[in-house]
Structure formats: structure tokens, C-alpha cells
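What follows is the residue order along each chain.
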Amino acid sequence: MLISLAWSSLCSRKKSVILTFLSLLISISVLLSVEHIRQQAKTSFNRTISGADLIVGAPSGQLNLLLYSVFRMGDPTSNIEYKSYEMLKNNQQVAWAIPISLGDSHRGFRVLGTNSDYFAHYQYGDNKAIEVASGKPFSGMFDTVIGADVAKALNYSVGDRIIIAHGIGATSFSHHDHSPFVISGILKPTGTPVDKTVHVTLQAIEAIHLPPSQLDAILEGGLADKVKPDSVTAVILGLKTKFATFKLQRDLNNYQGDRLMAVLPGVALAELWQMMASIENVLRVISVLVLISSLFGLSTMLLASMNERKGEIAVLRTLGAGPSVIFALILLEALMLVLLAIASAIVLVSATLALFSDGLSAHYGLFLSANLLSWETLQIAILITVASILTSALPAFEAYKKALQSSLSS
């Protein structure tokens, strides 16, 4: 009966109740969204590259190696010898090896030299392979496969010719005009640095730095397969068994044939994410403050309605309802409103994520689950419920006093 009475009381004050409900809905949705996206973004960040067990490069610190090999940021301190890549590829514990060569750019986008293993084994997200949207992976030495963002920003299509430049700046005065590349394929969006990368062959990276006469002789003689790079920037490894990861890492760090450093991508990504922890905390504080303001709005609404409800309280007292019943009624009204707002917020956020999840994953690399039914969400709901009871205690106590005063005066 008390629940029915509380609901009827809320319905009798529709305008103020609806406004308060909308305020709670927005604030709770913001809090749930921030927490859910924060957790999912961390997971997505850690899945910028997946399926890789080790990244091998020259000693420069694991964060620096991760930044330039995966995120295409910064500069490598030095390269490793090509024979080291061949050693890694032929290692019995290695299932596949992807060579990476950096140092050139095209109109502000990084150029990455690699081979066909890149398209066969490079993965992101939940072990998703990169796919070609149009065209095909490169087959000739001067074919190039560009990321989705490159094609969109520069309005390129399959068959267009491009010139790459030495260095990584947006403006360069050293262009490899003698050796234009032909776009053979455009990749599907991944939401990762792959979208902003121009992929070329390792042989092309070596060939464009040769004297024009020597390059012409190689092309005319059909000797493209003979072009072999002296070094690569890094190598991404996939192992046959995960149990070999730490042993191989130790062996490579102590390798005598070249200066090598092997890092675990997951560990390096976790360390990089820790550097952004302050941003997480700021977002959480802002969302909590928004929620607190809405809860105070709920309390204000209940307090403001006390004068309007003198007659209602008097009727309840006449029917035998004690001050404790009036106290419980006010708390129950606040609790019903908050629980309804929590349920509505979960539905709203879930529906929004389900609607935009494909676009967020393709363009921003955020692989967000639309399922908010988790232990974290339950914890937030409990905290919001407790907070709503505490902030509603004041108007409930005011109603209790009025009921008590009316009983004493009678």
C-alpha cells in the first residue's frame, strides 16, 4: 500500500517530478557512460595490436619501441640488421615475423615498409585481421596499400600515383620523385594507426634511396627481387607457444649478434595507459559531481513540495499514519524515482552504444560492448541508491517533524 501511495503522490506532481527524473537520468547516464567507456577504452587501447607476443627493435626503452612500431609516433634511435630479422623469422619458436621499416612519409602520413606477412598476420581488436576494402595487397615493388584515413583525407583511389618523401614531417624538401608508387589497395577502417599509414614493400624502401641510374638498371633488368634492405626498424613476432615468450625475450635481450631489445606489447601498453590515469580520474570526478548536483536537485524538489503536501500529510495522519510512516513515504518516493532513473539510464546507454558501436570501432578504435549488466554497474547503482537515500533524508525528516508537530498539536 505504501508503494502505491508513493507512486500516486509522484504522479500528482508530474511536472516537477519529470524534470527531476530527467536530471537524474542525464547525470546517471553520464556516470555510467564514463565508467563503462573508461573500462572499455582501456581494453580497446590494449587491443591496438593483438595476437603479437613480442616486438623486437634496437634498445631504446619499451615505451619508445611501442610508440614508433605500433602507434607510428616518435623516431627510432637506430635500426636492427636485416640478418637479425632473418634470424628471428627462422627461429624454431617463431610462428611468424613481420618486419617494419620507418623513416619516410607522404604528406604528413607515415610510410611503413613491410612484406606480405603484415597483411597475413597483423591483428587488432579481438584478433581481427586487417582487410582490404578495395584493390589488393601490393604485388609489385612500387605498389602501395594505404589506410582508410589516408585515402579519405587525400581523396585517393586505387590506381593513383603518389610520391613519398624522406623524413616524417608534414613538409619535406626531399622527395623521391624518381620512383612514384601506385596505390594497389585501400584498407578497411580499423580505428588504429593502421588507418593513417602508407604501406610499401621493404624492397621499395631500399630502392628509393639508390641513385636513379642504379634503380633504372634494376628495374630494366627485372632484378627487383635482388634488392635487399640492410636493416629494419622493428620486427613483430608471433610465437608457436606462449610458454616460450619469456625465454625468447631473455635470449634476444642477451643476443650477441646485434643490439636487440624484445618487449611484450601488453606490458608496454599497460605502462603507457598508466600515464593517462590522471585523465581518467578527472572524468570520474566530473561525472560524480554531476550526479551529486542532481541528487541535491532531488532533495530540493522534495523539500519544495513539503508546503504543498500539508493537506496530504494531514489526511494521512487522520487515517492513522504515524510520523515514521510519513518519513518512510518520502524516502520511498525518492528511492522509486532514482531506481527508475537508473534502469532507464542503463537502457539508454546500452541502446546508444549498440547503435554507434560499429562507427566507434571503425573510426576511433573503441570496441565498446553494449552490455552494461556487470558487477561494476551494480556497484555504481548501489552507491547511487545509498547516496539518494542520504540526500533524501533531510526532506523526509522535515516531513517527519511536521507529522510529529501535527500529532502533538492535536
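Scroll up for the structure.
Residues numbered from 1 in each chain as written. Predicted model: local features only at pLDDT ≥ 70, side-chain atom pairs only at ≥ 80, totals over all residues. Heavy atoms only, no water.

**Student:** Please give an account of the overall build of the chain that cites residues and values.
**Tutor:** Check the secondary structure of the chain and you find 14 helices and 15 strands. Counting all 410 residues of the chain, 47% fall into the buried class. Across the chain, contacts joining residues at least 24 apart in sequence account for 79% of those joining residues at least 6 apart. For the chain, the exposed surface amounts to about 19900 Å²; the carbon and sulfur share of it is 62%. (Helix = DSSP H or I, 4+ residues; strand = E, 2+ residues; numbered from the N terminus. Buried < 20%, exposed > 50% of the residue type's maximum accessible area, 1.4 Å probe, protein only. Contact = heavy atoms within 4.5 Å. Areas by Shrake-Rupley, 256 points an atom, 1.4 Å probe, with all protein chains shown as cover.)

**Student:** Describe a nonpolar patch on the surface, with residues and values.
**Tutor:** Taken together, the side chains of Val285, Val288, Leu289, Ile292 and Phe296 present a nonpolar region at the surface, about 450 Å² in accessible area. Looking at the secondary structure, you find isoleucine 292 in helix H11 (residues 277–304). Residue class for isoleucine 292 comes out partly exposed when judged on its relative accessible area of 35%. (Patch = residues over 30% accessible without salt bridge, like charges linked within 9 Å, V, L, I, M, F, W, Y side chains within 5 Å. Salt bridge = Lys/Arg side-chain N within 4 Å of Asp/Glu carboxyl O.)

**Student:** Go over the pairing of strand E1 (residues 54–57), please, and point to the residues and values.
**Tutor:** On E1, burial covers both faces: Leu54 and Val56 on one face and Ile55 and Gly57 on the other are all buried. Both E1 and strand E15 (residues 261–263) contribute to a ladder of 3 bridges, which runs antiparallel. Bridge assignment links glycine 57 to a residue of E15, and that residue is methionine 261. (Pairing = 2+ DSSP bridges.)

**Student:** Describe unusual backbone geometry, listing the residues and the values that go with them.
**Tutor:** With the exception of glycine, the majority of residues adopt a negative phi angle, and the majority of peptide bonds are in the trans configuration. Positive phi, normally seen in glycine, also occurs at arginine 107, with a value near 50°. Looking at the secondary structure, you find arginine 107 in the loop between strand E3 (94–106) and strand E4 (109–114). Residue class for arginine 107 comes out exposed when judged on its relative accessible area of 54%. Look at asparagine 155: it is not a glycine, yet its phi comes out positive at around 55°. As for its position among the elements, asparagine 155 is in the loop between helix H6 (148–154) and strand E9 (161–162).

**Student:** Got a sec to walk through the side chain of serine 84? Specific residues and values, please.
**Tutor:** For serine 84, the location among the structural elements is in helix H4 (residues 82–89). What makes serine 84 buried here is its relative accessible area of 1%. Other than its neighbours up to four places away in sequence, serine 84 contacts Tyr255, Asp258 and Leu260.

**Student:** Describe in detail helix H10 (residues 265–274), supporting the description with residues and values.
**Tutor:** For H10, the complete set of buried residues consists of Pro265, Ala268, Leu269, Leu272 and Trp273. Seen along its axis, H10 keeps its buried residues to an arc of 140°; they face one direction. (Arc of directions from axis to C-beta.)

**Student:** Explain the environment of proline 395 to me, using residue names and the numbers behind them.
**Tutor:** As for its placement among the helices and strands, proline 395 is situated in helix H14 (residues 375–409). Here proline 395 falls in the buried class, since its relative accessible area comes to 0%. Considering only alpha carbons, one finds proline 395 and phenylalanine 327, 68 residues apart in sequence, at a separation of 8.6 Å.

**Student:** Outline the nonpolar core, supporting the account with residue identities and numerical values.
**Tutor:** The biggest cluster of nonpolar side chains holds 33 residues, and the ones touching the most others in it are Leu66, Tyr118, Tyr122 and Ile236. The set of elements that each furnish at least two residues to this core consists of helix H2 (14–46), helix H3 (62–69), E3, helix H5 (116–121), strand E14 (234–239), E15 and H10. Setting aside residues up to four positions removed in sequence, isoleucine 236 forms contacts with Ile49, Ala52, Leu54, Ile55, Trp96, Ala97, Ile98, Ile100 and Tyr122. Counting residues in hydrophobic clusters, the runner-up holds 29 residues, among them Val17, Leu24, Ile28 and Leu291. (Core = buried A, V, L, I, M, F, W, Y, C linked by side-chain atoms within 4.5 Å.)

**Student:** So, the pattern of salt bridges: which residues are in play, and what are the values?
**Tutor:** Tallied over the full model, the rule gives 6 salt bridges. Note that aspartate 53 is salt-bridged to lysine 242, the shortest N-O span being 2.4 Å. With aspartate 53 in the loop between H2 and E1 and lysine 242 in the loop between E14 and helix H9 (245–253), the pair connects residues that are 189 residues apart, well separated along the chain. Given the relative accessible area of 8%, aspartate 53 is considered buried. Put simply, lysine 228 and glutamate 86 hold a salt bridge, and the shortest N to O gap is 3.2 Å. Residue lysine 228 is located in the loop between helix H8 (212–220) and strand E13 (231–232), and its partner glutamate 86 is located in helix H4; the two are separated by 142 residues in the primary sequence. For lysine 228, a relative accessible area of 46% translates into the label partly exposed. A relative accessible area of 30% places glutamate 86 in the partly exposed class.

**Student:** Can you break down the packing of H3 against H10 residue by residue, with the values?
**Tutor:** Packing of H3 against H10 brings their axes to within 9 Å, and their N-to-C directions diverge by 100°. With respect to H10, the element H3 is oriented roughly perpendicular. Note on element contacts: H10 touches H3 through Pro265, Val267, Ala268, Leu269, Glu271 and Leu272, opposite Gln62, Leu63, Leu66 and Leu67. The residue inventory of the contact of H3 with H10, partitioned by class, reads 8 nonpolar, 1 polar and 1 charged. (Axes fitted to C-alpha atoms, helices over the stretch in contact; angles between N-to-C directions. Parallel < 35°, antiparallel > 145°, perpendicular 65-115°, else oblique. Nonpolar A, V, L, I, M, F, W, Y, C, P; charged D, E, K, R; others polar.)

**Student:** Report on the packing of aromatic side chains, specifying residues and quantitative values.
**Tutor:** The tally for this structure, following the rule as stated, stands at 5 aromatic pairs. Plain terms: the ring middles of tyrosine 118 and phenylalanine 119 are 5.4 Å apart, the flat faces sit at 85° to each other, and that makes the pair edge-to-face. Assigned by exposure class, tyrosine 118 and phenylalanine 119 land together as buried. Through successive ring pairs, a cluster of aromatic residues spans Tyr118, Phe119, Tyr122 and Phe138. (Phe/Tyr/Trp six-rings, centres within 6.5 Å; stacked < 30°, edge-to-face > 60°.)

**Student:** Explain H9 to me, and be specific about the residues and the numbers.
**Tutor:** Looking at H9, one finds that the buried residues are Thr245, Leu248, Gln249 and Leu252. Looking straight down H9, one finds that the buried residues subtend no more than 105° of arc, so they occupy a single side. Packed against the buried residues of H9 are E1, H4, E3, E14 and E15.

By themselves these figures say nothing about function.
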